[in-house]
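These are the residues of each chain, in order.
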Amino acid sequence: MIRLVAGNWKMNGSLAANRVLLDRLEAAPGVEIAVCVPYPYLAQLQQRPAGLALGAQDVSEFAAGAYTGEVSASMLAEFGCRYVIVGHSERRALFGEGNLAVGRKAHAALAAGVVPIVCVGETLAERDAGQAMEVVGRQLAAVLEVLGAAAMSSVVLAYEPVWAIGSGRSADVGQIAEVHGGIRAWLAAHGVDAESVRTLYGGSVKPGNAHEIFMAANVDGGLIGGASLEAGDFMAICRAA
Ligand code: PEP
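Rules and cut-offs
- Residues numbered from 1 in each chain as written.
- Predicted model: local features only at pLDDT ≥ 70, side-chain atom pairs only at ≥ 80, totals over all residues.
- Near = placed C-beta within 6 Å.
- Nonpolar A, V, L, I, M, F, W, Y, C, P; charged D, E, K, R; others polar.
- Buried ≥ 20, exposed ≤ 12 C-beta atoms within 10 Å, placed from the backbone.
- Helix = DSSP H or I, 4+ residues; strand = E, 2+ residues; numbered from the N terminus.
- Pairing = 2+ DSSP bridges.
- Right-handed = clockwise from strand over helix to strand, strands pointing away.
- Core = buried A, V, L, I, M, F, W, Y, C linked by C-beta atoms within 7 Å.
- Contact = placed C-beta atoms within 7 Å.
- Arc of directions from axis to C-beta.
- UniProt positions renumbered as here; feature names shortened; annotations may be inferred.
- Expected span 1.5 Å × (residues − 1).

(A) Examining the site of the ligand more closely. Neighbouring residues of the ligand: 13 residues in total, closest Ile 165, Gly 166, Gly 202, Gly 225 and Gly 226. Taken together, the residues that form the shell around the ligand break down as 5 nonpolar, 7 polar and 1 charged.

In structure tokens:
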């Protein structure tokens, strides 16, 4: 399957800075590239380099109504979003999003024709306790419970060990391959068409480590935080895929 490299700008950017960044992004052969931007910039990103897919960083689990501050999946679809990140560890840790809420957000996205990039991953304490795959399995199980096995094969997954995000310390290739293989096996054991689920790695991916990470077994691309804000680094990572 074609690899996907998605940039997560997080809460960064300005109209002027975005323009400078966008002017330096371009399609790369053989890889799908997406940028997941803060909501207000979805309008600005209507003009973007050809071949660059658009995404958002969160979505409401509700379709419409009295939910002040929320943004629905159909609104994202109207602005041409192909992807939306759900369950990023920052949303789980800082905004109290639970596993089932993440599943409901993925469901809302799919219902509007937007592909959820569902983030899963363990904390350092959980890894040190030997519970990485158990935690990831629990996170996957909640999404599967909401979506069902058929719809689950339409999501993109992102394995993002919490301790590797923004830390400068990526998981090593062995750790990445182990969890990605575990995810593939978990999906297959739960009746999901595991081969059709793209599973990205995220956590301190940089130009210097991107190639070996993307070559690891069962890694279908990357979710890139900090390095997606620097055009040269982001394009180097995209080309490494
Ligand atoms: C992320 O926020 O999804 C991420 C992977 O961040 P970073 O690349 O900065 O570790």
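Still more ground to cover, so stick around.
(B) How the structure looks around the pairing of strand β7 (residues 199-202). Going residue by residue along β7, you find Thr 199 and Tyr 201 tucked away on one face and Leu 200 and Gly 202 tucked away on the opposite face as well. As judged from the 3 bridges shared by strand β6 (residues 156-159) and β7, these two strands associate in the parallel manner. Pairing of Tyr 159 across the sheet is with Tyr 201, part of β7. Handedness of the crossover joining β6 and β7 through helix α8 (residues 173-189): right-handed. Bridge analysis of β7 against strand β8 (residues 221-224) gives 2 bridges, and the strand direction is parallel. Its bridge partner lying in β8, Gly 202 is registered against Leu 223.

(C) Local environment of the nonpolar core. One finds Ala 6, Val 84, Ile 117, Val 118 and Leu 157 to be the most contacted residues of the largest nonpolar core, which totals 67 residues. Top element by residues in this core is helix α6 (residues 132-147). It accounts for 7 residues. When neighbours within four sequence positions are excluded, Ala 6 is seen to be in contact with Ala 34, Cys 36, Gly 55, Tyr 83, Ile 117, Leu 200, Leu 223 and Ile 224.

(D) Spatial organisation of unusual backbone geometry. You will see that Lys 10, though not glycine, has its phi angle at about 55°, which is positive. When you line up the elements, Lys 10 lands in the loop between β1 (3-8) and α1 (15-23).

(E) Structural context of helix α9 (residues 207-215). Of the residues making up α9, those classed as buried are Ala 210, Ile 213 and Phe 214. One side of α9 carries all its buried residues, which in axial view fall inside an arc of 90°. Turned more than 90 degrees away from the buried face of α9 sit Gly 208 and Met 215, all of them exposed. Tucked inside the fold, the buried residues of α9 contact β1, α8, β7, β8 and α10 (231-240).

(F) Representation of the pairing of strand β2 (residues 31-36). Extensive coverage of β2 is indicated by the burial of 5 of its 6 residues. As paired strands, β1 and β2 are joined by 6 bridges and run parallel to one another. Paired with Val 5 across the bridge in β2 is Ile 33. Each parallel crossover has a hand, and for β1 linked through α1 to β2 it is right-handed. Bridge analysis of β2 against strand β3 (residues 52-56) gives 4 bridges, and the strand direction is parallel. Within the sheet, the bridge partner assigned to Cys 36 lies in β3 and is Gly 55.

(G) Representation of the UniProt feature "binding site: substrate" (unreviewed entry) in the protein in the model. Within this structure's numbering, the places UniProt gives as "binding site: substrate" (unreviewed entry) are Asn 8, Trp 9, Lys 10, Gly 166, Ser 204, Gly 225 and Gly 226. A stretch of 219 residues holds the annotated residues, and the largest C-alpha distance among them is 14.0 Å, short enough that they meet in one place. Structurally, Gly 225 is set in the loop between β8 and α10. Since 22 C-beta atoms lie within 10 Å of it, Gly 225 is described here as buried.

(H) Inspection of helix α4 (residues 99-111) at higher detail. The end-to-end C-alpha distance of α4, which contains 13 residues, comes to 19 Å, matching closely the 18 Å that a straight helix rising 1.5 Å per residue would cover. Buried within α4 we find Val 102, Gly 103, Arg 104, Lys 105, Ala 106, Ala 108 and Ala 109. Where α4 is buried, its residues contact α2 (73-78), β4 (81-86), β5 (115-120) and α6. Phi for Gly 113, located one or two positions after α4, is positive at around 85°.

(I) Geometry of the UniProt feature "active site" (unreviewed entry) in the protein. Under the local residue numbering, the UniProt record ascribes the feature "active site" (unreviewed entry) to His 88 and Glu 160. In summary, the annotated positions, though distributed over 73 residues, converge in three dimensions, the widest C-alpha pair being only 8.3 Å. Here His 88 lies in the loop between β4 and α3 (89-95). You can call His 88 buried: it has 27 C-beta atoms within 10 Å. His 88 has contacts with Gln 57 and Cys 119, leaving out every residue within four places of it along the chain.

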